[in-house]
Each structure stands twice: as C-alpha cells, then as structure tokens.
Amino acid sequence: MHLDNIRIVLVNTSHPGNIGAAARAMKNMGLSKLYLVTPKDYPSGVAIGRASSALDILDNAVLCEDLTEAIADCSLVVGTSARSRRIPWPVVDPGTCAKKLVEEGQQQKVALVFGREDRGLSNEELQLCHFHVQIAANPEYSSLNLAAAVMVLSHEIYQLKEQLEEGNQEVTESWDNDLATVAEVETYLEHLEQMLIQIDFHDPENPRHLMPRLRRLYNRVRVDKMEINILHGIVSETRKMLNKLSKK
Ligand code: SAH
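Residues numbered from 1 in each chain as written. Predicted model: local features only at pLDDT ≥ 70, side-chain atom pairs only at ≥ 80, totals over all residues. Heavy atoms only, no water.

Chemist: Help me understand the packing of aromatic side chains in this model?
Modeler: For any pair of aromatic rings, the description rests on two quantities: the centre-to-centre distance and the angle between the ring planes. Within the structure shown, the criterion is met by 1 aromatic pair. Between Tyr188 and Tyr218, the ring centres sit 5.2 Å apart and the planes meet at 80°, which makes this aromatic pair edge-to-face. Here the residue Tyr188 occupies a position in helix H8 (residues 182-198), and Tyr218 occupies one in helix H9 (residues 210-221), the gap between them amounting to 30 residues. Taken as a pair, Tyr188 and Tyr218 share a single burial class, namely buried. Here the basic side chain of Arg7 rests over the ring of Tyr35, its NZ or CZ set 4.1 Å away from the ring centre. (Phe/Tyr/Trp six-rings, centres within 6.5 Å; stacked < 30°, edge-to-face > 60°. Helix = DSSP H or I, 4+ residues; strand = E, 2+ residues; numbered from the N terminus. Buried < 20%, exposed > 50% of the residue type's maximum accessible area, 1.4 Å probe, protein only. Lys NZ or Arg CZ within 6 Å of the ring centre and 35° of its normal.)

Here it is in structure tokens:
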C-alpha cells in the first residue's frame, strides 16, 4: 500500500506559513506530493521555518498557473469546502474521502484540493472536482485554518492506509480499465460543447449551468479511458456529418 499518487493541491495561498505548516502535516502523515497553484508569497523563509523537517516536500513542490494544470493527469479530484454551494455536488465525509483517494491512488494519480484562506475555492474550481469533502465542525465556526484542514484530512488518509495494511478494512473499489483523467474529460467536454452549440441546444450567451451539469454527470459516472474514446468518436463523427450537411 503506498500514498505516492496522492497529491495535495493548495490554491492561491496567501500566507506562506500555511504552506510550510501544510508540508509538515503532509510529511507527518506520509504524504509527499505538494502542488502550489499561484501562491501569493512564495518561496518564503516563513514557509521554510514552519515546514521544519519537511523541507524536502517544499523543495519538490510543483508550481502551477491554475487548478486545471495541477490536476490534468489525475483521474480523481476531491475538493474541500467548509460550506455548501449553489449547484449541489456529491459531498463525502473525511473517512470516505480517504478511502476513495487511497484505493484509486494505488493505480492512478489523485488529488485533494484546498482553497484560499479568505474565500476558499471558487465555484468553477469546485466544479472541476468529482467530490467535495467537508470536515464536520462547530456550526457557529466551521472554517478551519488551511494547514489544520490539511492535517485532518491527511490523518484520515494515514489511518486508513494503516487499517488496510493490517487487514482491518478491505479494498472495495476496482475497475479493469484505467479511468479517464481530468484533461481527457475536459477535452471531450470542449468538443461536446462545440457540437451542442452547432445543433442550437446550447447558447453560450445563456448557458444555464449546462456545462457544469454535464461535467457533474460524467464525473459521477467515472468514465474510463475506453468509454471516453467512444464518446469522443461519436461527437467527432456527428460534427463531421453536421459540417457536411451544412455545406450542401
Ligand atoms: N472562508 C472560506 C474558508 C477558507 S478556509 C470559505 O468560506 O470557503 C481555507 C481552506 O481550508 C478551505 O478552502 C478548505 O480547503 C479548508 N477548510 C477549512 N475548513 C474546512 C472544513 N470544515 N471542511 C473542509 N475543508 C475546510
């Protein structure tokens, strides 16, 4: 059992101290892959100080321009959210989140995404995720410090790994084909959107959440690589046919 395919993504972090403390929490819990999306103040001595003996995690951290880049090669993405958002998304508890990440992480790359200290993740960023995870906390003040949230969820992952290794829990999910990555599903959705515009089903001027809803549907189904190729083929041939017909 390994945790090498599980990455922690911190989006647009303001305080470098939180980046250092998150790296330390990760190392304590056996995680190693840190991705930083446009951190506001980084590299920083403050981050180094707070990381203590987890400097290797900071040294190997991958800097990205946006969330899509940080998760492109992942098949599963879980976003963290302290509060519920407008379009409902499947929400899991920390234990279920750990199970999904550890199990799928044995074969494929998976990500756990954390938001900004002041505003969390945007709706667009949350809609790129397959699931949202909420840490149950005092309803009067349920927003944890960023690094504390990283610690709680990393600890769940560590505990679950221990239980799986001791045989106290069984691996329940498996699939014969590799699942499609975020980048593969996104490319397909872009082509699908073009086709939906062509047949006047979708008006980009008045989108009515169509694309987020379709993304939620495909992400809920968890399409595999073969299925996304079939879907892609159907859309490409349909678009070719539409272009031929419109020339006649
Ligand atoms: N004010 C922000 C909260 C930001 S807290 C908001 O309303 O969304 C900073 C980050 O810590 C969050 O983006 C999330 O990644 C994590 N976090 C804090 N509390 C959490 C909770 N209860 N459950 C899950 N993640 C949480």
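Chemist: Sorry, what's going on with the pairing of strand E4 (residues 76-80) here?
Modeler: Looking along a regular strand, one sees side chains alternate from face to face of the sheet. Extensive coverage of E4 is indicated by the burial of 5 of its 5 residues. The two faces of E4 match: Leu76, Val78 and Thr80 on one face and Val77 and Gly79 on the other face are all buried. Sheet topology places E4 next to strand E6 (residues 110-114); 4 bridges connect them, and they run parallel. Bridging across to E6, Val78 finds its partner in Leu112. As paired strands, E4 and strand E7 (residues 131-133) are joined by 3 bridges and run parallel to one another. The residue bridging Gly79 from the neighbouring strand is His132, located in E7. (Pairing = 2+ DSSP bridges.)

Chemist: Can you walk me through the side chain of His232 in this structure?
Modeler: With respect to the secondary-structure elements, His232 resides in helix H10 (residues 225-247). Accessibility expressed as a relative area gives 18% for His232, which makes it buried. Once residues lying within four places of it in the same chain are set aside, the contact partners of His232 are Thr187, Tyr188 and His191. (Contact = heavy atoms within 4.5 Å.)

Chemist: Even after reading the chapter, I still don't get the site of the ligand, so can you show me in this structure?
Modeler: Surveying the vicinity of the ligand reveals 20 residues, the closest of which are Thr80, Arg83, Ile135, Ser142 and Leu144. One of the backbone nitrogen or oxygen atoms of Gly115 is found 3.0 Å away from an oxygen atom of the ligand. For the ligand, whose free accessible area comes to 550 Å², the fraction covered by protein is 92%. Class assignment for the residues of the shell around the ligand results in 7 nonpolar, 7 polar and 6 charged. (Near = heavy atom within 4 Å. Polar contact = N/O pair within 3.5 Å; in protein donor to acceptor, adjacent residues only side chain to side chain. Areas by Shrake-Rupley, 256 points an atom, 1.4 Å probe, with all protein chains shown as cover. Nonpolar A, V, L, I, M, F, W, Y, C, P; charged D, E, K, R; others polar.)

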